[in-house]
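The primary structure of each chain is shown beneath.
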Amino acid sequence: MAFNPIGKQLTAIKALVFLLALLPFLRMAWLVAQGVPVEPLEFLTRGTGDWTLYFLCITLAVTPLRRLTGWNWVIKLRRMLGLYAFFYALLHFVTFFWFDHFFDIAEMLKDVVKRPFITVGFIAFVLLIPLAVTSTNAMVKRLGGKRWLWLHRLIYVIAPLGILHFWWMKAGKNDFQEPIIFGAIVALLLAMRVYWSYAKKAQAARA
Amino acid sequence: MLFKRSPNGIDLPYPSEITPREVYEGRRQFIARAAATAVVGSGIWEMANREAFAQGAAQRLAATRNAALSTTEAQTSFKDASSYNNYYEFGTDKGDPVENAHTLKTRPWTVTIDGEVKKPVTLDIDRILKLAPLEERIYRLRCVEGWSMVIPWVGYSLSNILKQVEPTGNAKYVEFTTLADRRQMPGLRSPVLDWPYVEGLRMDEAMHPLALLAVGMYGQVLPNQNGAPVRLIVPWKYGFKSAKSIVRIRLTSRQPRTAWNDSAPNEYGFYSNVNPNVDHPRWSQASERRIGEDGFFQKKRKTLMFNGYDQVASLYGGMDLKKFF
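Residues numbered from 1 in each chain as written. Chains lettered and ligands numbered in written order. Predicted model: local features only at pLDDT ≥ 70, side-chain atom pairs only at ≥ 80, totals over all residues.

Engineer: Would you explain the overall build of chain A in this entry?
Structural biologist: Looking only at helices and strands, chain A has 9 helices and 0 strands in total. Shown N-terminal to C-terminal, the secondary structure of chain A runs as helices and strands in the order α-α-α-α-α-α-α-α-α. Each principal axis of the C-alpha distribution contributes one length, and for chain A these read about 60 × 40 × 35 Å. Considering chain A as a whole, with its 207 residues, one finds that 25% of them fall into the buried category. Long-range contacts, defined as pairs at least 24 residues apart, comprise 64% of the intrachain contacts of chain A with a sequence gap of at least 6. (Helix = DSSP H or I, 4+ residues; strand = E, 2+ residues; numbered from the N terminus. Buried ≥ 20, exposed ≤ 12 C-beta atoms within 10 Å, placed from the backbone. Contact = placed C-beta atoms within 7 Å.)

Here it is, written out as structure tokens:
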């Protein structure tokens, strides 16, 4: 029988995942406070960007994991993981707004419009905002489950945009190893959904 | 005499040879760690630090400060300048070269100078060290990525070595080639650039007194990760123009191909003079962050035309520097 934590077990798992997901942030903050990175601003910009991509992948992996293992409970971690993707994206945006433009909105927007890799990264960040805002139980209720699900399918656009942002950032140095890995993971996670949706339709047609 | 080391192995200290604070602090830190290691009984720390120690104890170089060509700005710490490096032959992360460059063998080392010259020559590194009096020059270094440092280099004007080989009338450009040896350089396995790393200057740029052939920094021989044993320093151009660990200098009649220009011609031009008015496609070049100084609480500082080395402006009279970026 599949592992199926309930009540206190589930609360404990949620607490554990919450803390684990916070660790990268705490580690970065600690290292910067200790003066370890020579260029702390670049270190924070890169680190928060990397972790945004990791959490987008992790969030997208929840449904496939659930389907493949039968662990239906993992769905209960999904919103928190998605919120962490937003948390790191927000920090990443703040590093850009603060370190690169020292809170000058006009200068920042000029940069967003001028440079395609920033444009797509910025769009991905903006698209994450409605998802973060509607992540409370009250908002799920207000929107209704179906509409909420549709809205949150925006992640299928956001994750590829995030990877494109990373890809173009690396393009100048022909250093595609990491973007290719991220791209392959997201492509696989999305392809599984396409396959299941197709299989479901085929089954419905047969019935 | 310039590369000072007395036969009995005892160095007589010159004022310019006094160990910089960062270096001896680094050594003390090492000793403290080694002591801690002994207590814990684990050799891992020690192994990891042996190279750092070897670098810290590097041979010192006697040199005379060239005040006229030096900035009086605060110097970047030796630790930052030797641990935050772009040297893709040893990995693409800034922290990779200091970790990996210990595999570089800097002796024996020769530099071949040929092409459009009357007297082609292959010089041993010991010969290069004695070819002209060593000077200390404190230069600003502006990386194309938008950060900068202030580093006291040891070396002499590149023109000294170029004059020796007697360039022919056809010599219009100078090409610099970095070592490319897979056994010594793990980064060569990655196809980031079309190895070997090549850079180039126009002849008049190469002959400019500011163009430095560097063999040391902070009063000692170059750490491997900074391009040992001999490298170029062109302070008015973005850092990548200053080829590291040079094995060949070739004078040519045509503009040589250069590694970064080959890789991304729209991002890295042949000239690549520091120019706040010409943006990199992915970021502005109008400002920069001085490593170790500029941090969280101030705007980035303004980048200066030619990195503040206005004396080179005459080299580019009448040129559209937006076109020839």
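Engineer: Quick question: what am I supposed to make of the interface of chain B and chain A here?
Structural biologist: The figure often quoted for interface size is the accessible area lost as the parts come together. Listed by partner, the interface residues are 14 residues for chain B and 10 residues for chain A. Among the residues making up the side of chain B that touches chain A, the classes are represented as 6 nonpolar, 3 polar and 5 charged. (Nonpolar A, V, L, I, M, F, W, Y, C, P; charged D, E, K, R; others polar.)

Engineer: What am I meant to see in the nonpolar core here?
Structural biologist: Nonpolar side chains in soluble globular proteins tend to end up buried together. In terms of nonpolar packing, the biggest core is built from 75 residues, with B:Ala214 and B:Val215 touching the most fellow members. When residues of this core are assigned to their parent elements, the largest contribution, 7 residues, is made by strand S5 (residues 147–157) of chain B. Contacts of B:Ala214, omitting those with residues within four sequence positions, involve B:Trp153, B:Val154, B:Gly155, B:Leu222, B:Arg231 and B:Ile233. One finds A:Tyr84, A:Ala85, A:Ile158 and A:Val186 within the second-largest nonpolar core, a separate group that totals 32 residues. (Core = buried A, V, L, I, M, F, W, Y, C linked by C-beta atoms within 7 Å.)

Engineer: Mind showing me how you'd approach the pairing of S5(B) here?
Structural biologist: A regular strand places its side chains so that they alternate between the two faces of the sheet. All names here are of chain B. Most of S5 is tucked away: 11 of the 11 residues are buried. Relative to S5, strand S4 (residues 135–142) runs antiparallel, the two being bridged by 8 bridges. Directly across from Glu135, in S5, lies its bridge partner Gly155. Linking S4 to S5, which pair antiparallel, is a turn of 4 residues; within it Gly146 sits at a positive phi near 100 degrees. Here S5 pairs with strand S12 (residues 287–290) via 2 bridges, running parallel. Residue pairing across strands places Ser148 opposite Arg290, the latter belonging to S12. The pairing of S5 with strand S8 (residues 212–217) spans 5 bridges and is classified as antiparallel. (Pairing = 2+ DSSP bridges.)

Engineer: So what exactly am I meant to see when it comes to the packing of helix H1 (residues 7–33) of chain A against helix H2 (residues 40–69) of chain A here?
Structural biologist: When two helices pack together, their arrangement is captured by the angle between the axes and the distance separating the axes. All names here are of chain A. Contact geometry of H1 with H2 gives a least axis separation of 11 Å together with a crossing angle of 175 degrees. When the axes of H1 and H2 are compared, the pair comes out roughly antiparallel. Two secondary-structure elements touch here, H1 through Pro24, Met28 and Val32 and H2 through Pro40, Phe43, Leu44, Gly47 and Trp51. Of the residues that constitute the contact of H1 with H2, the class distribution is 7 nonpolar, 1 polar and no charged. (Axes fitted to C-alpha atoms, helices over the stretch in contact; angles between N-to-C directions. Parallel < 35°, antiparallel > 145°, perpendicular 65-115°, else oblique.)

Engineer: Sorry if this is basic, but what is going on with the sheet that holds strand S3 (residues 121–124) of chain B here?
Structural biologist: Neighbouring strands of a sheet are bound in pairs by backbone hydrogen bonds; such pairs are parallel or else antiparallel. All names here are of chain B. What the 5 strands build is an open sheet, ordered S3-S2-S11-S6-S7; its pairing is mixed. The open sheet has two free edges, formed respectively by S3 and strand S7 (198–202), since each of these has just one partner strand. The average undirected angle you get between the axes of adjacent strands in this sheet is 15 degrees. One ladder, built from 4 bridges, connects strand S2 (residues 110–115) with strand S11 (residues 246–252); its direction is parallel. What sits directly across from Thr112, in S11, is Arg248.

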